Amino acid sequence: MSAQPIDHELKKGSTELLILSLVESRARHGYEIGKLIETRSKGTLSFQAASMYPLLYRLEARGWIRGRWVEKAGQRRRRYYSLTAEGRKVLAAQRQSWRQFVEAVHRITGMDYA
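So, a few notes on the structure that sits alongside this text. (Residues numbered from 1 in each chain as written. Predicted model: local features only at pLDDT ≥ 70, side-chain atom pairs only at ≥ 80, totals over all residues. Heavy atoms only, no water.)

**Some points on the sheet that holds strand β1 (residues 28-29)**
Move 1: Strands sit in the order β1-β3-β2 across an open sheet of three strands; the sheet is antiparallel. Strands with a single pairing partner mark the edges of an open sheet, and in this sheet they are β1 and β2 (65-70).
Move 2: Inspection of the sheet shows β2 paired to strand β3 (residues 78-83) by six bridges, in the antiparallel sense. Across the sheet, I65 pairs through a bridge with L83, a residue of β3. (Pairing = 2+ DSSP bridges. Helix = DSSP H or I, 4+ residues; strand = E, 2+ residues; numbered from the N terminus.)

Right under this line is the structure:
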């Protein structure tokens, strides 16, 4: 059974939370972030580079993530992103908001989540 695509507005509203969550534990480059989102969502969520990188730049401009260029022998240069102290605060607030939203949807719809 293939994954059904998620409504654009739902995806748009959760993108920051997804990215901040993935760079919380360690620095990651944009391609890796996109692949992790796709893999962990079992294909339900995916992002093209054309939408991923402008979002990363925006999060960096807000001071929520920090990017640094890394060069490794035999590989092309990549920009790795890590969570800042301000980003940790934003992530905690977004997680709380998302939790409240999901709980409210559950109360209204009676849907159970695995």
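**Concerning the packing of aromatic side chains**
Move 1: All told, the structure shown has two aromatic pairs when counted by the stated rule.
Move 2: Ring geometry for Y53 against Y57: centres 6.5 Å apart, planes inclined by 40°, an arrangement best described as tilted. Within this pair, Y53 and its partner Y57 are both found in helix α3 (residues 49-61), separated by four residues, close to a single helical turn.
Move 3: Look at W98 and F101: their rings are 5.6 Å apart centre to centre, the planes differ by 35°, and that puts the pair in the tilted class. (Phe/Tyr/Trp six-rings, centres within 6.5 Å; stacked < 30°, edge-to-face > 60°.)

**As for the pairing of β3**
Move 1: As paired elements, β1 and β3 share two bridges and run antiparallel to each other. Note on β3: the bridge partner recorded for H29 is Y80.

**Let's talk about the side chain of Q94**
Move 1: Mapping Q94 onto the fold places it in helix α4 (residues 85-109).
Move 2: Exposure remark for Q94: the relative accessible area of 19% places this residue in the buried category.
Move 3: Each residue touching Q94, except ones within four places of it in the same chain, is listed here: E16, L17, L20 and W64. (Buried < 20%, exposed > 50% of the residue type's maximum accessible area, 1.4 Å probe, protein only. Contact = heavy atoms within 4.5 Å.)

**Quick word on the packing of helix α2 (residues 30-40) against α3**
Move 1: The contact between α2 and α3 brings their axes to 10 Å, and the two run at 115°. Of the two elements, α2 crosses α3, and the hand of that crossing is right-handed. When α2 is examined against α3, the residues G30, Y31, I33, G34 and I37 are found in contact with a partner set consisting of M52, Y53 and L56.
Move 2: Residues of the contact of α2 with α3, tallied by class, amount to six nonpolar, two polar and no charged. (Axes fitted to C-alpha atoms, helices over the stretch in contact; angles between N-to-C directions. Left-handed = near helix turned anticlockwise from the far one by under 90°. Nonpolar A, V, L, I, M, F, W, Y, C, P; charged D, E, K, R; others polar.)

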